[in-house]
Amino acid sequence: MPAPQHHRIHRTGWLRAAVLGANDGIVSTASLIAGVSAAQGSHGAVLTAGLAGLVAGALSMAAGEYVSVKSQSDVERADLKLEQKALAGNSAVELQELADIYVNRGLPPGLAMQVAQALTAHDALDAHARDELGISKNTRAQPLMAAAASASSFAIGAVLPLALAALVPRPGWQLPAVAVGSIACLGLLGAVAAWAGGAPKVRAVLRVTVLGVAAIALTAGVGALFGAAG
């Protein structure tokens, strides 16, 4: 007997927000620290910039994610209300509409109507939400969960380069330590995200590390340029 399959679609809501938050936390904070360090900023200035970036970034991620996902949630709720009204006023038309959907998916008309009747009797709104509107319980927008996941994951990601900067105060060693450590953390994050989502790990790791290297290098270059000019 084949082993049962464990699907991962139910993870998409929180996984996207968590990965985005942690990745942004590592990259933005590491880049900020690299820029200030390359500009010959003091150890205190580097830590202050990193801590300010952590707080501001976490709050910004939470607010942005909440507003974005809340807009999606509002659209879903409005569509469900319209569908509920249509079911109450035109149940026969809605039943035929559901049956037509199943016919288009390959069912014979008679069987399609039987399926539509059975699903309508069980939960008409759920059937239309899923098969007509594409809104399922697994993918429904959850603004508060998305905002909390984004803020907390950003903070966790930002703590990593900030901790490295605190542990390596020497100017000559601080920038390489933060850069290398942050890139390693990005690679680990990419591997964990790929594992959780069932995606290829090597591709995910390369994607996040290459982009992270580019962001840190460019910001460090800007810091070095302004440091030399000053």
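Bear in mind that the values here come from a model prediction, so they are computed numbers and not experimental data. (Residues numbered from 1 in each chain as written. Predicted model: local features only at pLDDT ≥ 70, side-chain atom pairs only at ≥ 80, totals over all residues. Heavy atoms only, no water.)

**Q** Go over the side chain of Asp131, please, and point to the residues and values.
**A** For Asp131, the position within the fold is in helix α4 (residues 109-131). Judged by its relative accessible area of 13%, Asp131 falls in the buried class. Separated by 2.5 Å, the side chains of Asp131 and Tyr102 make a polar contact. Not counting residues within four places of it along the chain, the set of residues in contact with Asp131 comprises Leu98, Ile101, Tyr102, Arg105 and Leu119. (Helix = DSSP H or I, 4+ residues; strand = E, 2+ residues; numbered from the N terminus. Buried < 20%, exposed > 50% of the residue type's maximum accessible area, 1.4 Å probe, protein only. Polar contact = N/O pair within 3.5 Å; in protein donor to acceptor, adjacent residues only side chain to side chain. Contact = heavy atoms within 4.5 Å.)

**Q** With reference to specific residues and values, describe a nonpolar patch on the surface.
**A** Taken together, the side chains of Leu51, Val55 and Leu59 define a hydrophobic patch exposed on the protein surface, amounting to about 290 Å² of accessible area. Tracing the backbone shows Leu51 in helix α2 (residues 43-89). (Patch = residues over 30% accessible without salt bridge, like charges linked within 9 Å, V, L, I, M, F, W, Y side chains within 5 Å. Areas by Shrake-Rupley, 256 points an atom, 1.4 Å probe, with all protein chains shown as cover. Salt bridge = Lys/Arg side-chain N within 4 Å of Asp/Glu carboxyl O.)

**Q** Could you give me a rundown of unusual backbone geometry, with the residues and numbers involved?
**A** Backbone geometry places Gln40, a non-glycine residue, at a positive phi of 70°. Accessibility expressed as a relative area gives 64% for Gln40, which makes it exposed.

**Q** Which residues make up the UniProt feature "transmembrane region" (unreviewed entry) in the protein chain, and what values do they have?
**A** In this numbering, the UniProt entry assigns the feature "transmembrane region" (unreviewed entry) to residues 144-167, 173-196 and 208-229. Note that residues 144-167 is 100% helix and 0% strand, and that its end C-alpha atoms are spaced 34 Å apart. Across residues 173-196, helical content stands at 100% and strand content at 0%; the span's end C-alpha atoms are separated by 34 Å. (UniProt positions renumbered as here; feature names shortened; annotations may be inferred.)

**Q** An account of the pattern of salt bridges is needed here, citing residue identities and associated values.
**A** Side chains that differ in sign of charge can pair as their charged atoms come close. Evaluation of the coordinates by the stated rule reveals five salt bridges. A salt bridge links Arg130 to Asp126; its shortest N-O distance comes to 2.8 Å. In this pair, Arg130 and Asp126 are both assigned in helix α4, four residues apart and thus about one turn of the helix distant. Exposure remark for Asp126: the relative accessible area of 22% places this residue in the partly exposed category. Measuring nitrogen to oxygen at the nearest pair gives 3.5 Å for the salt bridge that ties Arg130 to Asp131. Arg130 sits in the partly exposed class, given a relative accessible area of 32%. The structure contains a network of salt bridges with shared partners spanning Arg105, Asp126, Arg130 and Asp131.

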